[in-house]
Amino acid sequence: MKSPLQASKESTTAHFESAELFLAGLDAQTTASLISAAADVALILDEHGMIQDMAFGNDELKQYGHQHWLGKHWLDTVTIESRPKVQEMLSEAISLGSTKWRHINHPSADGADLAFLYSVVPVNRASGRKHAIAFGRDLRSQVALQQRLVSAQLSMERDYWRLRHVETRYRLLFQVASEAVLILDANSEKLEEANPAAYALLGDKARTAGWTFAESLDSLSVPGVQQLFTALRSNGRAESITVCFAGSSEVFSLSGSLFRQENSTHLLVRINATQPLN
């Protein structure tokens, strides 16, 4: 599918098949109405590129254009970077009979450039005098949309890097924390990640694929932990409990919280030593 800009560029080479039959003999007012309807701004240029007359699609452009452009050379009404394109269009109109559509900016008093898409068509009058008509299409809405898209993209990039910094800080805290911290899949309760303190407490068996937290617990502690996990999945929070691990008499405080990441749910489990059993 062709973009509007591509279609605009190709339209300079399209012609009516029976122009003489339907358009010959048009009076000046009808021709002026057709030109005005064909563009947001139409500039009538003499052979030197001086703006002799103009028509606008709305009062805002009309007020600005008549105040700043009429009687000036077209080059003097555009921004510096647009001047080479204007010169090329004026040359092409003479040598080729038409021009490609080009993005031209006009400076404005409020600092925001007026953006137009221009094409130039030469006009040969019966008297032999030559002039050209520059047809302009207002691009301000498209430019504003592009600027909003760029701003949104920059904002997203800033948010991304801010999140990366936050993630880096929390991962560092996760790694150096003295308490054991585990991240479990909320459904299967299988270990997804653990910090060094957790591996030191649970041993190498926690690194085995498919290991679950319940495997390392004393049998009497399993029901309480299951109740805590069920409460976390249902309510997102639960009171901390005390547990013992298999083969140890030491009592630990176990607390947890629920969090979501992308499309999955996880349990964050924290383990702290309390006191040995008597």
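Residues numbered from 1 in each chain as written. Predicted model: local features only at pLDDT ≥ 70, side-chain atom pairs only at ≥ 80, totals over all residues. Heavy atoms only, no water.

Looking at the overall build of the chain
Right, so step 1: Across its full length, the chain holds eight helices and 10 strands.
Right, so step 2: Going through the 278 residues of the chain one by one, you find that 32% of them count as buried.
Right, so step 3: Considering only contacts within the chain whose residues lie at least 6 apart along the sequence, 41% involve residues at least 24 apart.
Right, so step 4: Taken as a whole, the chain presents about 17900 Å² of accessible surface, with 53% of it coming from carbon and sulfur. (Helix = DSSP H or I, 4+ residues; strand = E, 2+ residues; numbered from the N terminus. Buried < 20%, exposed > 50% of the residue type's maximum accessible area, 1.4 Å probe, protein only. Contact = heavy atoms within 4.5 Å. Areas by Shrake-Rupley, 256 points an atom, 1.4 Å probe, with all protein chains shown as cover.)

Overview of the side chain of threonine 265
Right, so step 1: By the secondary structure assignment, threonine 265 is in strand 10 (residues 264-276).
Right, so step 2: Look at threonine 265 and you get buried, because its relative accessible area is 18%.
Right, so step 3: Contacts of threonine 265, omitting those with residues within four sequence positions, involve Asp185, Ala186, Leu258, Phe259 and Arg260.

Observations regarding the sheet that holds strand 1 (residues 41-46)
Right, so step 1: Strand order in the open sheet formed by five strands is 2-1-5-4-3, with antiparallel pairing between adjacent strands. Only two strands of the sheet have a single partner each, and these edge strands are strand 2 (51-56) and strand 3 (102-106). Each strand of the sheet is rotated relative to its neighbour by a mean of 30 degrees, with strand direction disregarded.
Right, so step 2: Pairing of strand 3 with strand 4 (residues 114-124) involves five bridges; the strand directions are antiparallel. Directly across from histidine 103, in strand 4, lies its bridge partner leucine 117.
Right, so step 3: In the packing of helix 5 (residues 83-95) onto the sheet, the strands contacted are strand 1, strand 3 and strand 4, and the crossing angle to strand 3 comes to about 130 degrees.
Right, so step 4: Each of strand 3, strand 4 and strand 5 (130-138) is contacted by helix 6 (residues 140-176), which is oriented at about 150 degrees to strand 4, the strand it contacts most. (Pairing = 2+ DSSP bridges. Axes fitted to C-alpha atoms, helices over the stretch in contact; angles between N-to-C directions.)

Observations concerning the pattern of salt bridges
Right, so step 1: For the coordinates displayed, the defined rule picks out eight salt bridges.
Right, so step 2: Where arginine 102 meets glutamate 88, a salt bridge forms, and the shortest distance between an N and an O atom there is 3.5 Å. With a gap of 14 residues between them, arginine 102 in strand 3 and glutamate 88 in helix 5 connect regions that are remote in the sequence.
Right, so step 3: When its relative accessible area of 14% is taken as the criterion, arginine 102 is described as buried.
Right, so step 4: Arginine 171 is the salt-bridge partner of glutamate 193, the closest N and O atoms lying 2.5 Å from each other. Placement of glutamate 193 in strand 7 (residues 191-194) and of arginine 171 in helix 6 is noted, with a sequence separation of 22 residues between them.
Right, so step 5: Accessibility expressed as a relative area gives 25% for glutamate 193, which makes it partly exposed. (Salt bridge = Lys/Arg side-chain N within 4 Å of Asp/Glu carboxyl O.)

A few points about unusual backbone geometry
Right, so step 1: Residues other than glycine seldom take positive phi values, yet glutamate 189 does so here, at roughly 65 degrees.
Right, so step 2: Mapped onto the elements of the fold, glutamate 189 is located in the loop between strand 6 (180-185) and strand 7.

Some words on the confidence of the model for the chain
Right, so step 1: Taken residue by residue, the chain gives an average pLDDT of 82. The fraction at 70 or more is 84%.
Right, so step 2: Every residue in residues 1-12 scores below 50 in pLDDT, and together they form 13 contacts with partners more than four places removed in sequence or on other chains. (pLDDT = per-residue confidence, 0-100.)

Observations regarding the environment of alanine 214
Right, so step 1: Position of alanine 214 relative to the elements: it lies in the loop between helix 7 (196-202) and helix 8 (222-235).
Right, so step 2: Sequence spacing of alanine 214 and alanine 246 is 32 residues, and the spatial spacing of their C-alpha atoms is 9.8 Å.
Right, so step 3: Apart from residues lying up to four places away in sequence, alanine 214 is in contact with Val222 and Gln226.

A word on the pairing of strand 8 (residues 241-244)
Right, so step 1: By the bridge criterion, four bridges tie strand 8 to strand 9 (residues 250-261) in an arrangement that is antiparallel. Looking at strand 9, one finds that cysteine 244 is bridged to valine 251.
Right, so step 2: Counted between consecutive antiparallel strands, the loop separating strand 8 from strand 9 contains five residues, among which glycine 247 sits at a positive phi close to 80 degrees.

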